[in-house]
Amino acid sequence: MSYLKMAQRNLWRNKRRTAITISSIFFAILLAIVMRSFQLGSYSLMIRNAIEQYYGHIRVQHPDYADDPSLENTFEYDERLLENISMIPNVKTVTSRLETFALASSGNITKGVLVLGIEPESEKRFSNPEHFLVRYRLTQDALDRLEKINALTAQTREVILAYLGESFTNSAKLVRIFEDEQVSADELYRVLDATKVKGRFLREADSGVVISSRLATYLNVSIGDSLIMLSQGYQGASAAGVFPILGIIRIPNPDLDSRMVYMPLALAQNFTYSPNRIAYFAINLYNTSDEMQKATTYSIQVRIADNELEVKTWQNLNRVLVQQIESDNQSGKAFLFLLYIVVFFGIYGTVIMMVHERMHEFGVLVAVGMNKLRLALTVVLEMLIMAFIGIALGYLVGLPVIHYYQIHPIRLTGEMAKMMMDMGFEPLMPMAPFGAYVVWQGVSILVMVMLACLYPIRKIIRFKVVDAIKR
Amino acid sequence: MAIIEVVNVDKIYNDSDVKVVALSGINLMIEQGEFTAIVGPSGSGKTTLLNLLGGLDTPTNGKIRVGDVWLNEMKGSKLIDFRLRNIGFVFQSYNLIPVLTAGENVELIMQLQGVPAMQRKQVAAEMLSKVGLADRVSSRPAKLSGGQQQRVAVARALASRPKFILADEPTANLDGKSAESLLQIMEHLNRTEGVTFIFSTHDQRVVSRARRVILLEDGKIKSDFAQ
Ligand SMILES: Nc1ncnc2c1ncn2[C@@H]1O[C@H](COP(=O)(O)OP(=O)(O)O)[C@@H](O)[C@H]1O
């Protein structure tokens, strides 16, 4: 008669209690891993949206640039260095940028803008701004033009007025604003025709700029208009220039969208009198796990050792996002903690009942010669079997669930979906794949079970045989 | 040499507010092969005495020798192991582990002793047949009558090859016929195999089968005679 078999029969003895205990563990594990997978999935989505699409996972820059992002803290562009970094296996894309602030004006409207000097080709691979190129804009001009030819129906007019100033990256998005209205196909074609924007994205040798859509609206400019820009150049030189607008893009981030001016890198260097200087290399990675990011950061550090540069991760540079994720993560963990406390008390209750029911039996066993330690072990064994079955079942159901939703991401609806679509993403929410967090849920349950086991262990070590037998 | 020697033993329960003197000034010798009944009215100290003899509890004063070992010199797991190898127990009721079959209940004690599996099976079957339950080896306790359960308990006690078997009111919960048959078996084992039995009872019919009767009253030995 092995102890395992004895434990198994003891579990069978009170089937209902065993079933309840196992299912509480099962549901806890299932809930925990599915919830965690969702949470972690949403974080990687946030990171993908905010970081990968503009910021970059890692930046290489002058040590003082983080505190004082001025042209004085830029550095000499080094082709070999860039190539060296791109050769690191986990590095997906590298692009060089020059950033500076400038005043942009058109007519008598002036606004502070962020000038981003980019290498158009590598930037396309990196953040692909071209993807956000505006094709349709509902401007006052367009409306006037429409009305001049032929009066619009009241509804169409109303919708256009409601969305005046908005930009659209494709016709489908523009058409969607009319979806609740009775608008004839004919009129839709007229609207599409009149609001069309013929912009394009930057090319290396361009001497014009591409600006963001809210900025274009604010300055009341369009393709073909010119922007007058004033700035301070490198080493205090004053910079000024006139730049034709070649294209308009709609940047998902509203803040960036209200003040962004893209320029080819060479033009930006010219404008700011900082020939061949760049502000940073922005780097995106394939594998963004903490360990891989750390390893890659280290590889980059080794390659830039000779230059007076430093490596910054997006976490270093984006405290706000990091804190946002962290606080959400903490509340997620707190919820799990509560869940496990509940499970703990469930198991604890089970153990107490079980011990009390079997006290006489324990007394007999110790009286006839069973060592207390061995007795305690048989009880712990029973608890562990329940824990393992519950955890295994939880994994058995939970893992396919997260696997499924990782491959078939959940399609978001409502506000969240709208927000994501505005940002140019499909409103899909992938769950995080299998990872350490899955293992931790099992470990946590095991710890709870072991903690609950302290009760019978204590009870068994302390009880007096004569008292136990009397019951 | 007597297998049990009790010297000036007192047992005083002090755990509640009132002090209960359960045993006082007990001196006793028990020889190998005895078939001894400890009798007396309820509350006279029978259970207390058996518990002390079995090393399940410790006397307040005095000492007890079992074989060549003084029980007060052992503690914890050493004492448990001593019980395993030297003393057989039959309690009033619910002696058996409910999830184990009769055979496994008997085997369990040998397993604790480290007897190899093959031998365990064989001995268990042998012991069960000695108590007339050869055909119930694979029955769970719940499927056995009270009398049969007590007989399995005797078989289990026997299987450990103890120096003596302590039985605290083994017939208390049995009907007349079952009590009779249990006693017969115990007597038979005592006669033919020399197994030492010390049992408590307040059942007159059981008393009449004992060869030595120790009468307790208010925790003192009132009389001690052979019959
Ligand atoms: N754990 C205990 N605490 C206090 N008093 C006890 C305890 N166990 C037994 N007694 C008392 O000791 C006396 C002897 O009890 P016991 O040995 O059980 O008698 P018997 O077995 O003859 O009925 C009784 O008065 C009983 O109430």
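One can find the structure itself at the top, above this paragraph.
### Some words on the overall build of chain B
Scanning chain B from N- to C-terminus turns up 7 helices and 10 strands. A compact globule built from 227 residues should have a C-alpha radius of gyration of about 17 Å, and chain B, at 17 Å, falls within 12% of that. Principal-axis analysis of the C-alpha atoms places the extent of chain B at approximately 45 × 40 × 40 Å. The buried share among the 227 residues of chain B stands at 57%. Taken as a whole, chain B presents about 9,900 Å² of accessible surface, with 50% of it coming from carbon and sulfur. For chain B, the centre of its 27 positive side-chain charges and the centre of its 24 negative side-chain charges are spaced 4 Å apart.

### A closer look at the site of the ligand
Residues and elements named next belong to chain B. The full set close to the ligand counts 13 residues, and Gly43, Gly45, Lys46, Thr47 and Thr48 are the nearest of them. Between Gly43 and the ligand, the recorded distance is 2.7 Å, taken from a backbone N or O atom to an oxygen atom. Taking Lys46, its side chain carries an N or O atom lying 3.0 Å from an oxygen atom of the ligand. Mapped onto the shell around the ligand, the elements with two or more residues apiece are strand E2 (20-30) and helix H1 (46-53). The greatest single-element share of the shell around the ligand, amounting to 3 residues, is contributed by H1. Residues that form the shell around the ligand fall into these classes: 4 nonpolar, 6 polar and 3 charged.

### Focus on the sheet that holds strand E5 (residues 69-70) of chain B
Within the open sheet, the 4 strands sit side by side as E2-E1-E4-E5 (chain B). Their pairing is antiparallel. Each edge of the open sheet carries a strand with a single partner, namely E2 and E5 of chain B.

### Some thoughts on the interface of chain A and chain B
If you look at the interface, chain A gives 22 residues, while chain B gives 25 residues. For the pair chain A and chain B, the summed buried surface comes to about 2,100 Å²; carbon and sulfur atoms form 66% of the total. Scanning the region where chain A abuts chain B turns up 1 salt bridge. The salt bridge partner of Arg9(A) is Glu104(B), with a shortest N-O separation of 2.5 Å. Counting across the interface, chain A meets chain B through 6 residue pairs in polar contact (both at pLDDT 80 or more). Counting residues per element, the side of chain A that touches chain B draws most heavily on helix H15 (residues 359-368) of chain A, which supplies 7 residues. Taken together, the residues of the side of chain A that touches chain B sort by class into 12 nonpolar, 4 polar and 6 charged.

### Notes on the pairing of strand E10 (residues 220-226) of chain B
As defined by bridge partners, strand E9 (residues 212-217) of chain B adjoins E10(B) across 6 bridges and the pair is classed as antiparallel. Residue Leu216(B) lies in a different strand from E10(B), and its bridge partner there is Ile221(B).

### A word on empty space enclosed by the protein
Under the defined criterion, the tally for this structure stands at 5 cavities of 30 Å³ or more. If you trace the largest cavity, you find it lined by Asn10(A), Leu11(A), Arg13(A), Asn14(A), Arg17(A), Thr18(A), Thr350(A), Met354(A), Arg358(A), Glu382(A) and Met386(A). Broken down by secondary-structure element, the contributors of at least two residues to the lining of the largest cavity are helix H1 (3-13), helix H2 (15-55), helix H14 (319-357) and helix H16 (372-407) of chain A. The leading source of residues in the lining of the largest cavity is H1(A), at 3 residues. Its volume calculated, the second largest cavity comes out at about 70 Å³. Along its surface, the second largest cavity is lined by Leu50(B), Asn51(B), Leu56(B), Phe89(B), Val90(B), Phe91(B), Leu166(B), Ala167(B) and Asp168(B). Of all the elements, strand E7 (residues 164-168) of chain B adds the most residues to the lining of the second largest cavity, at 3 residues.

### Considering a nonpolar patch on the surface
A cluster of nonpolar side chains, namely Phe434(A), Val439(A), Trp440(A), Val443(A), Val447(A), Leu451(A) and Leu454(A), defines an oily patch on the protein surface of about 660 Å² accessible area. Inspection of the secondary structure puts Phe434(A) in the loop between strand E15 (428-429) and helix H18 (436-462).

### What to know about the sheet that holds strand E3 (residues 35-39) of chain B
All names here are of chain B. Strands sit in the order E6-E7-E8-E3-E9-E10 across an open sheet of 6 strands; the sheet is mixed. The open sheet is flanked by strand E6 (87-90) and E10, the only strands paired with a single partner. When the angles between neighbouring strand axes are averaged without regard to direction, this sheet yields 20°. In this structure, E3 lies alongside E9, joined through 4 bridges in parallel fashion.

### A closer look at the environment of Phe344(A)
All names here are of chain A. Its location among the elements puts Phe344 in helix H14. Among the residues examined, Phe344 registers a relative accessible area of 14% and is labelled buried. Leave out the neighbours within four places in its chain, and Phe344 touches Met448, Leu451 and Ala452.

### Here's the deal with the packing of aromatic side chains
All names here are of chain A. According to the stated counting rule, one finds 14 aromatic pairs over all chains in the structure shown. Geometrically, the ring pair formed by Phe243 and Phe271 is edge-to-face, given 5.3 Å between the ring centres and 90° between the ring planes. Remark: Phe271 occurs in helix H11 (residues 265-271) and Phe243 occurs in strand E9 (residues 238-249); sequence separation between them is 28 residues. With respect to class, Phe243 is no different from Phe271; both count as buried. Both rings, one in Tyr404 and one in Tyr405, keep their centres 5.2 Å apart while their planes meet at 90°; by these two values the pair is edge-to-face. Residue placement shows Arg59 over the ring face of Tyr280; its charged tip is 3.8 Å from the ring centre. Looking at Lys372, its charged tip hangs above the ring of Phe463, at a distance of 4.6 Å from the centre.

### Some remarks on the packing of H14(A) against H16(A)
In helix packing, the relevant descriptors are the interaxial angle and the interaxial distance, both defined with respect to the helix axes. Residues and elements named next belong to chain A. One can describe the packing of H14 onto H16 by two numbers: an axis separation of 12 Å at closest approach and a directional angle of 140°. As the angle between them shows, H14 and H16 are arranged oblique. Remark: the crossing between H14 and H16 carries right-handed chirality. When H14 is examined against H16, the residues Ile347, Val351 and Met354 are found in contact with a partner set consisting of Val379, Glu382 and Met383.

### Let's talk about a positive patch on the surface
Where like charges cluster on the molecular surface, the positive patch consists of Arg145(A), Lys148(A), Lys196(A) and Lys198(A). Of the residues examined, Lys198(A) reaches a relative accessible area of 70% and is grouped as exposed.

### Let's talk about the pattern of salt bridges
All names here are of chain A. Per the stated rule, a full pass over the model turns up 29 salt bridges over all chains. We note a salt bridge from Lys124 to Glu130, for which the minimum N-O separation is 3.6 Å. What makes Glu130 partly exposed here is its relative accessible area of 31%. Between Lys312 and Glu310 there is a salt bridge, with its nearest N and O atoms 3.8 Å apart.

### Focus on helix H8 (residues 185-195) of chain A
Looking at H8(A), one finds that the buried residues are Glu187(A), Leu188(A), Val191(A), Leu192(A), Ala194(A) and Thr195(A). Tucked inside the fold, the buried residues of H8(A) contact strand E5 (136-137), helix H5 (140-149), helix H6 (154-162) and helix H7 (171-176) of chain A.

### Overview of the pairing of strand E1 (residues 58-61) of chain A
Residues and elements named next belong to chain A. The alternating pattern of E1 places Ile58 and Val60 and Arg59 and Gln61 on opposite faces, both of which are buried. Strand direction decides the pairing type here: E1 and strand E13 (residues 310-313), joined by 4 bridges, are antiparallel. The residue bridging Gln61 from the neighbouring strand is Glu310, located in E13. Where E1 and strand E12 (residues 280-285) come together, 4 bridges link them in antiparallel fashion. Among the inter-strand pairings, Arg59 is bridged to a residue of E12, identified as Ala282.

Calculation criteria
- Residues numbered from 1 in each chain as written.
- Chains lettered and ligands numbered in written order.
- Predicted model: local features only at pLDDT ≥ 70, side-chain atom pairs only at ≥ 80, totals over all residues.
- Heavy atoms only, no water.
- Helix = DSSP H or I, 4+ residues; strand = E, 2+ residues; numbered from the N terminus.
- Rg over C-alpha atoms; globule rule 2.2 N^0.38 Å.
- Buried < 20%, exposed > 50% of the residue type's maximum accessible area, 1.4 Å probe, protein only.
- Areas by Shrake-Rupley, 256 points an atom, 1.4 Å probe, with all protein chains shown as cover.
- Lys, Arg positive; Asp, Glu negative; His and termini not counted.
- Charge placed at Lys NZ, Arg CZ, Asp CG, Glu CD.
- Near = heavy atom within 4 Å.
- Polar contact = N/O pair within 3.5 Å; in protein donor to acceptor, adjacent residues only side chain to side chain.
- Nonpolar A, V, L, I, M, F, W, Y, C, P; charged D, E, K, R; others polar.
- Pairing = 2+ DSSP bridges.
- Contact = heavy atoms within 4.5 Å.
- Buried area = accessible area lost by both parts, 1.4 Å probe.
- Salt bridge = Lys/Arg side-chain N within 4 Å of Asp/Glu carboxyl O.
- 1 Å grid on protein atoms, 1.4 Å probe; cavity = no way out; pocket = protein on both sides within 12 Å on 5 of 7 lines; lining within 4 Å.
- Points joined across faces, edges and corners; volume = space filled by probe spheres on them.
- Patch = residues over 30% accessible without salt bridge, like charges linked within 9 Å, V, L, I, M, F, W, Y side chains within 5 Å.
- Axes fitted to C-alpha atoms, helices over the stretch in contact; angles between N-to-C directions.
- Phe/Tyr/Trp six-rings, centres within 6.5 Å; stacked < 30°, edge-to-face > 60°.
- Lys NZ or Arg CZ within 6 Å of the ring centre and 35° of its normal.
- Parallel < 35°, antiparallel > 145°, perpendicular 65-115°, else oblique.
- Left-handed = near helix turned anticlockwise from the far one by under 90°.

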